[in-house]
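Overview (structure and organization)
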Amino acid sequence: MKTSGITASLPAQDLGRAKEFYVEKVGLQAVESRFLEASDGRVGLAVGDGLNELVVYPAQATSSGDFTQAVLQVSDVRAAVEEMRHRGVTFEEYNTAETRTENGIARTPDGREGAWFKDSEGNLIGVIGAFSG
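The paragraphs below set out a description of the structure included in this document. (Residues numbered from 1 in each chain as written. Predicted model: local features only at pLDDT ≥ 70, side-chain atom pairs only at ≥ 80, totals over all residues. Heavy atoms only, no water.)

Take the packing of aromatic side chains next. Going through the model one piece at a time under the given rule, you end up with 4 aromatic pairs. Seen from their ring centres, Tyr94 and Trp116 are 6.1 Å apart, and the 85 degrees between their planes marks the pair as edge-to-face. Here Trp116 lies in strand S7 (residues 113-118) and Tyr94 lies in the loop between helix H2 (77-86) and strand S6 (106-107), a separation of 22 residues in the sequence. With relative accessibility at 23%, the residue Tyr94 sits in the partly exposed group. For Trp116, a relative accessible area of 12% gives the class buried. One aromatic cluster in this structure is built from Phe21, Tyr22, Phe91 and Phe117. (Phe/Tyr/Trp six-rings, centres within 6.5 Å; stacked < 30°, edge-to-face > 60°. Helix = DSSP H or I, 4+ residues; strand = E, 2+ residues; numbered from the N terminus. Buried < 20%, exposed > 50% of the residue type's maximum accessible area, 1.4 Å probe, protein only.)

This next bit is on the sheet that holds S6. Either a parallel or an antiparallel arrangement is found when strands of a sheet pair, and the pairing is made through backbone hydrogen bonds. Reading across the sheet, the 4 strands line up as S5-S8-S7-S6 and stay open at both edges, with mixed pairing between neighbours. Looking at which strands have only one partner, the edges of the open sheet turn out to be strand S5 (68-74) and S6. Pairing geometry for S7 and strand S8 (residues 124-129), over 5 bridges, is antiparallel. Residue pairing for S8: Lys118 is matched across the bridge by Leu124. Contacting S5, S7 and S8, H2 crosses the sheet at an angle of about 25 degrees to S7. (Pairing = 2+ DSSP bridges. Contact = heavy atoms within 4.5 Å. Axes fitted to C-alpha atoms, helices over the stretch in contact; angles between N-to-C directions.)

What follows concerns the side chain of Glu121. Locating Glu121 in the fold gives a position in the loop between S7 and S8. Of the residues examined, Glu121 reaches a relative accessible area of 5% and is grouped as buried. In this structure the side chain of Glu121 is engaged in a polar contact, spanning 3.1 Å, whose partner is the backbone nitrogen of Asp14. Sequence-distant contacts of Glu121, defined by excluding residues within four places in its chain, comprise Pro11, Ala12, Gln13, Asp14, Arg17, Ala18 and Ser63. (Polar contact = N/O pair within 3.5 Å; in protein donor to acceptor, adjacent residues only side chain to side chain.)

Moving on: unusual backbone geometry. Non-glycine residue Asn103 carries a positive phi angle of around 55 degrees. Its place among the elements puts Asn103 in the loop between H2 and S6.

If you trace the backbone, Arg112 turns up in the loop between S6 and S7. Here Gly129 takes part through its backbone oxygen, which lies 2.6 Å from a polar atom of the side chain of Arg112. Discounting chain neighbours no more than four positions away, the residues touching Arg112 are Ala106, Arg107, Ile128, Gly129, Ala130 and Phe131.

A separate point is the sheet that holds strand S2 (residues 29-33). One open sheet holds the 4 strands; their spatial order is S1-S4-S3-S2, and the pairing between them is mixed. Of all strands in the sheet, those bounded by a partner on one side alone are strand S1 (9-12) and S2. On average, adjacent strands in this sheet sit at an angle of 25 degrees to one another, irrespective of strand direction. Relative to strand S4 (residues 53-58), strand S3 (residues 44-48) is paired through 4 bridges, and the arrangement is antiparallel. Bridged to Gly48 within S4 is Glu53.

This paragraph deals with the pairing of S7. Burial within S7 is extensive, with 5 of its 6 residues counted as buried. Here S6 folds back onto S7, and the loop between the two strands holds 5 residues, one of which, Gly111, carries a positive phi near 95 degrees. What sits between S7 and S8 in their antiparallel hairpin is a turn of 5 residues, with Gly122 showing a positive phi close to 90 degrees.

Structure follows, in structure tokens:
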């Protein structure tokens, strides 16, 4: 199968709150998308940088936040974490057999760094170092 892209979809109970979170705290663009319009008229969001995006759709369901639902790949995890922390994002701390963080950052099995935060809607988002080469 050949794909032209893969997009993560995240539920949001409050689209205004989600838009504010992704713009103000994460530092991404968020635009309304009529493609994501719910039957009650609420309009979803395309969140990203213009090239990469994730979909935030109107939903009454809530996320458990128990597993990573989307990953933001960045060139420098530590710089991204610090930037988002200054904007008010709180990063998760883990001490499990799979993941152990130190100051919110863990080493992934393939040697990259990673960090995780919950968005305004309870979705768990990973920030992982981009693959190099």
